[in-house]
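Inside the fold
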Amino acid sequence: AERLSRSELLGLEGEAWPSSPAAFTRELMTAMGLPAVGALVAAVIVGGFGWLLLEVPHEVGIWLFGGVAAVILAVVTLLAATPPREPVGDGE
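Residues numbered from 1 in each chain as written. Predicted model: local features only at pLDDT ≥ 70, side-chain atom pairs only at ≥ 80, totals over all residues. Heavy atoms only, no water.

A look at the overall build of the protein chain
A count of helical and extended segments in the protein chain gives two helices and zero strands. Expressed as a percentage of the 92 residues in the protein chain, the buried residues total 4%. On the protein chain, roughly 8400 Å² of surface is accessible, and the fraction owed to carbon and sulfur atoms is 71%. (Helix = DSSP H or I, 4+ residues; strand = E, 2+ residues; numbered from the N terminus. Buried < 20%, exposed > 50% of the residue type's maximum accessible area, 1.4 Å probe, protein only. Areas by Shrake-Rupley, 256 points an atom, 1.4 Å probe, with all protein chains shown as cover.)

Some thoughts on a nonpolar patch on the surface
On the surface, a cluster of nonpolar side chains totalling about 280 Å² of accessible area is made up of Phe24, Leu28 and Met32. The topology assignment puts methionine 32 in helix α1 (residues 21–55). On the basis of relative accessible area, methionine 32 is assigned to the partly exposed category, the value being 48%. (Patch = residues over 30% accessible without salt bridge, like charges linked within 9 Å, V, L, I, M, F, W, Y side chains within 5 Å. Salt bridge = Lys/Arg side-chain N within 4 Å of Asp/Glu carboxyl O.)

Some details on the packing of α1 against helix α2 (residues 58–81)
Interhelical geometry of α1 versus α2 gives an angle of 150° and a closest axis separation of 8 Å. Taken as axis vectors, α1 and α2 run roughly antiparallel relative to one another. In this structure, α1 uses Phe49, Leu52 and Leu53 to contact α2, whose residues at the interface are Gly61, Leu64, Phe65 and Val68. (Axes fitted to C-alpha atoms, helices over the stretch in contact; angles between N-to-C directions. Parallel < 35°, antiparallel > 145°, perpendicular 65-115°, else oblique. Contact = heavy atoms within 4.5 Å.)

The following block contains the structure:
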């Protein structure tokens, strides 16, 4: 029973495990902070655009929706067409 209570059994030691709960929280916020902010910004933009589409006349809304879709398609196509960059290494 004593062996089962050791943290080493679950692999909770070494470099892969944070040294303290504060370090764990800091690493968690570093890893999740930017995606969470990005999701919040995207939600605000989508919500605002949806509100705009509801407020403008029907024909204008169709043109706005098509225009935004075309811009997104063009940007994604350009991003996909560019060759990948070489990774920055240690000079090997």
